[in-house]
Amino acid sequence: MRATSNLYESPDLLGEYMLFHYGSAADLMPWPAGPSEAVGFPVRTVSELIDPATLGEGAHGLDVGCAVGRSTIELTSHCSRVKGIDFSDSFIRAAKELLQKGSLSYRFREEGDSFRSATATVSPAEGSKAEFEVGDACDLPSGLGSFDVVHAANLLCRLPDPRLFLDRLSTLVKPGGQLLLTTPFTWLEEFTPRDHWLGSGDSEDALGRILEPSFAREHRKEIPFVIREHRRKFQYSVSLGSRWRRLQT
Ligand SMILES: C[S@@+](CC[C@H](N)C(=O)[O-])C[C@H]1O[C@@H](n2cnc3c(N)ncnc32)[C@H](O)[C@@H]1O
């Protein structure tokens, strides 16, 4: 089942995701009592899962469901070239503009109709290694190629048929390459019909059964994150992060 619509197109979500990916810790979580360990998620899904020692010079990376691209940029510290793909036109437009100009202003909600502005920046060195395109994780182009590292954060439970994406991974990740997956398993019928959920209480085991013919799990970590809706309202979640090694055979 291919994706047909995307709820990630609204200006409000663009602001939330620009802040989530590029905002300062103080803007994202302005309260001392808040979960400070949950900021910086799009950086940590790379830095806390990747094995840099086994990535050679000239490694190529792929970030599927990249949203506005912060993890794609983070992968450029380990790869000579990284492609970010997302189904949202508005997210990819913002990511491309940020690369092109080196900075991009965005606004995020304070309260009611009151907003604040901030600016996201990307260095020329990072920007020169990244590229972004619109695409469907359930129907990726056949000529996309294979990669030394594939990253997909909080994507699985937003897909209409996560198996289609998971089944494609054995050809997307080169033998010996790495798969960095993060998911909170927030199954919702508005994104994934019930009969396509990987599990219900047992999703981690189901994920292992699907990947294990082609991958071995090397690392597992709980990765908390916080998304700010407005100054006094936040979504707090804990994703399951894992690194999988593509088997040589
Ligand atoms: C929960 S967000 C996670 C974004 C980002 N990886 C992060 O961790 O912040 C899910 C992302 O998946 C994208 N998405 C939804 N369906 C998709 C599909 N079929 N193919 C590619 N991306 C998709 C959305 O546009 C959104 O950017």
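Preceding block: the structure.
Residues numbered from 1 in each chain as written. Predicted model: local features only at pLDDT ≥ 70, side-chain atom pairs only at ≥ 80, totals over all residues.

A. Quick peek at the nonpolar core. Counting residues in each nonpolar core, the largest one holds 60 residues, and the members touching the most others are Met 18, Val 64, Phe 91, Ala 94, Ala 95, Val 149 and Val 150. Contact partners of Val 149, with chain neighbours within four places excluded, come to Ile 50, Leu 55, Ala 59, Gly 61, Leu 75, His 78, Cys 79, Gly 177, Gln 178 and Leu 180. (Core = buried A, V, L, I, M, F, W, Y, C linked by C-beta atoms within 7 Å. Buried ≥ 20, exposed ≤ 12 C-beta atoms within 10 Å, placed from the backbone. Contact = placed C-beta atoms within 7 Å.)

B. Just helix H7 (residues 162-172), in detail. Turning to H7, its buried residues number three or more, namely Pro 162, Phe 165 and Leu 166. One side of H7 holds all its buried residues, which, seen down the axis, span an arc of 95°. On its buried side, H7 packs onto helix H8 (203-211). (Helix = DSSP H or I, 4+ residues; strand = E, 2+ residues; numbered from the N terminus. Arc of directions from axis to C-beta.)

C. A look at the sheet that holds strand S9 (residues 233-246). Taken together, the seven strands give an open sheet; going across it, the order is S5-S2-S1-S6-S7-S9-S8, and neighbouring strands pair in mixed fashion. Edge positions in the sheet fall to strand S5 (130-134) and strand S8 (215-230), since each has one partner strand and no second. Going across the sheet, the axis of each strand differs from the next one's by a mean of 20°, ignoring polarity. Here strand S7 (residues 173-183) pairs with S9 via six bridges, running antiparallel. Paired with Thr 183 across the strands is Leu 240, a residue of S9. (Pairing = 2+ DSSP bridges. Axes fitted to C-alpha atoms, helices over the stretch in contact; angles between N-to-C directions.)

D. Highlighting the pairing of strand S4 (residues 114-121). Relative to S4, strand S3 (residues 103-111) runs antiparallel, the two sharing eight bridges. When the sheet's bridge partners are listed, Glu 111 is paired in S4 with Ser 114. With antiparallel pairing between neighbouring strands as the criterion, S3 and S4 make up a hairpin whose turn holds two residues, including Gly 112 at a positive phi of roughly 55°.

E. Spotlight on the pairing of strand S2 (residues 81-86). For S2, the tally of buried residues reaches five of six residues, placing the bulk of the element in the interior. Pairing between S2 and S5: five bridges, direction parallel. Within S5, the residue paired with Val 82 across the bridge is Ala 130.

F. Looking closely at helix H5 (residues 89-101). The end-to-end C-alpha distance of H5 is 18 Å, a good match for the 18 Å that 13 residues give at a rise of 1.5 Å each. All buried positions along H5 are accounted for by Phe 91, Ile 92, Ala 94, Ala 95, Leu 98 and Leu 99. Looking down the long axis of H5, one finds its buried residues gathered within 160° of arc, a one-sided arrangement. Exposed residues lying more than 90 degrees from the buried face of H5 are Asp 89, Gln 100 and Lys 101. Tucked into the core, H5 has its buried residues touching helix H1 (11-22), S2, S3, S4, helix H6 (124-127) and S5. A positive phi of about 85° marks Gly 102, the residue just after H5. (Expected span 1.5 Å × (residues − 1).)

Read these as layout, nothing more, since geometry by itself doesn't imply function.
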